[in-house]
Amino acid sequence: MSLPAPISSRRGRQAVDLAWEVTKLNCRSPITINAELIAAYQAASSPHSLRALASDIEAFDHWCRRNGRVTSPATPETVADYLDARAGQGAKPASLGRYKASIAKIHQLLDIKDPTQAELVKLRLRAIRREKGSTQAQARPLRFKGPVRNVERDAPRGLNVRGLLEACADDLPGLRNRALLSVAYDTGLRASELVAVEVEHIVDAIDPEARLLTISRSKGDQEGKGATAFLSPRSVRAIAAWTAAADIEEGPLFRRVQVRRYKARAAVKGRRIETISGRESWDLRKTLPKSAVPARTEYDVGEGALHPGSIGPIWRAMIRRAFDKGALSDLTADDLAQLLKGVSAHSTRVGLNQDLFASGEDLAGIMDALRWKSPRMPLAYNRNLAAEQGAAGRLIAKIG
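Quick summary incoming for the structure in this document. (Residues numbered from 1 in each chain as written. Predicted model: local features only at pLDDT ≥ 70, side-chain atom pairs only at ≥ 80, totals over all residues. Heavy atoms only, no water.)

What follows concerns the nonpolar core. If you look at the biggest cluster of nonpolar residues, it comprises 57 residues, and the most contacted ones within it are L194, W242, F254, I311, W315 and I319. The leading source of residues in this core is helix α9 (residues 172–187), at eight residues. When near neighbours in sequence (up to four residues on either side) are disregarded, I311 contacts L180, A191, L194, V195, L306 and A345. The next biggest cluster of nonpolar side chains, apart from the first, holds 30 residues, and it includes I57, A59, W63 and A87. (Core = buried A, V, L, I, M, F, W, Y, C linked by side-chain atoms within 4.5 Å. Buried < 20%, exposed > 50% of the residue type's maximum accessible area, 1.4 Å probe, protein only. Helix = DSSP H or I, 4+ residues; strand = E, 2+ residues; numbered from the N terminus. Contact = heavy atoms within 4.5 Å.)

And the structure:
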């Protein structure tokens, strides 16, 4: 059964009025909305979290209406059947866990008994995880030199950040993309954090050729305690080239660039007035010659920041360009098609994480560099490298 397009994809970055969304639910009887509680929750939550909650609840409400169920208060049977239906449509266990949490949250905000705590829901979700497995698909890493063992001495190979940076054009989109990718790799920022970078966030470092980036807010820091990331001289040079060309002195650093391309026009000879027909005589400009016009390209740099959803497509476009330019010479067209399937906005964060691990950094250092509070994700990202460089991998490499 088809579900509506997620609310977040239709509204983009518009603010979500959660109280209004709640009034549209299919309820069995009138429900009193605690406006103060909902307002407090909205103030304490990020816009992304609010859009995700509203999208999840809208999808659940749509399913309930289509199947003759009540959205609020929902029964454990309804929630369990809904999770089964979404699993049947291909939803991953991690997504099902989010749907369950969203249903729980909306019932909590309405001060209604939470149906997701019922044993039926827990067992049904456990059965789905047992059947499908709970491993999350990992974004394909964008490592600086690609899949190398020694990040310092080995030559770049495969899909690598260095090749993408070298293949960038020197026009405005190319300058922006070079700075964008370089900063993304240096800092491991998530897409929403990357597009939130402003010129004012870049401050001096002890190294005169490097800079520091102040991160005012992130996924793991919703209260805005702040963090700092290092920007390499490579990134500083790329930022300087981009901001100078785009005339950016303040505000969002990474902005949309609209490109307009005009075809060349050949010269046109003037016409004698007696050759102009009566129907054309109202416009005597047609008697004038026209000079040839060369092809040209014009750019408009926007005032606002890029949308987080644009980062993944930008990475994939850069990879295709680098391949076409021969910067990824050891990849075939089939390799490229396969690699592109896994590339997302998160690829630079995964790539930096793996390069830190390959260079010998310990877990505490990696967690600090990428601002993780839990070791779960960095360990998951490094699972394959850990197997290859672990005790068994080292022994087998020695004995052949």
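Attention now moves to the environment of S329. Take S329: it is sitting in the loop between α12 (311–324) and α13 (333–340). A C-alpha to C-alpha distance of 9.6 Å links S329 and L159, two positions 170 residues apart in sequence.

Closest axis-to-axis distance for the α9/helix α11 (residues 233–246) pair is 8 Å, and the angle between their directions is 150°. When the axes of α9 and α11 are compared, the pair comes out roughly antiparallel. Read as a crossing pair, α9 and α11 show a hand that is left-handed. Residues L172, L175, R176, R178, A179, S182, V183, Y185 and D186 of α9 form the contact with α11, whose participating residues are R234, S235, A238, I239, A241, W242, A245 and A246. (Axes fitted to C-alpha atoms, helices over the stretch in contact; angles between N-to-C directions. Parallel < 35°, antiparallel > 145°, perpendicular 65-115°, else oblique. Left-handed = near helix turned anticlockwise from the far one by under 90°.)

Let's shift gears to the packing of aromatic side chains. Two descriptors summarise a pair of aromatic rings, namely the distance from one centre to the other and the angle between the planes of the rings. This structure, assessed with the given rule, holds four aromatic pairs. Between the aromatic rings of Y82 and Y99, the centroid separation amounts to 6.5 Å while the plane-to-plane angle is 55°, which identifies the pairing as tilted. Taken together, the positions of Y82 in helix α5 (residues 76–88) and Y99 in helix α6 (residues 93–109) put the pair 17 residues apart, joining distant regions of the chain. The buried category is assigned to Y82, whose relative accessible area is 1%. We classify Y99 as buried; its relative accessible area is 11%. Ring geometry for F144 against Y185: centres 5.5 Å apart, planes inclined by 45°, an arrangement best described as tilted. With F144 in the loop between α7 (119–132) and α8 (161–167) and Y185 in helix α9, the pair connects residues that are 41 residues apart, well separated along the chain. Judged by its relative accessible area of 17%, F144 falls in the buried class. Three or more aromatic residues joined by ring pairs make a cluster, and in this case those are F60, W63, Y82 and Y99. In this structure, R296 is placed above the aromatic ring of Y262, and the distance from its NZ or CZ to the ring centre is 4.0 Å. (Phe/Tyr/Trp six-rings, centres within 6.5 Å; stacked < 30°, edge-to-face > 60°. Lys NZ or Arg CZ within 6 Å of the ring centre and 35° of its normal.)

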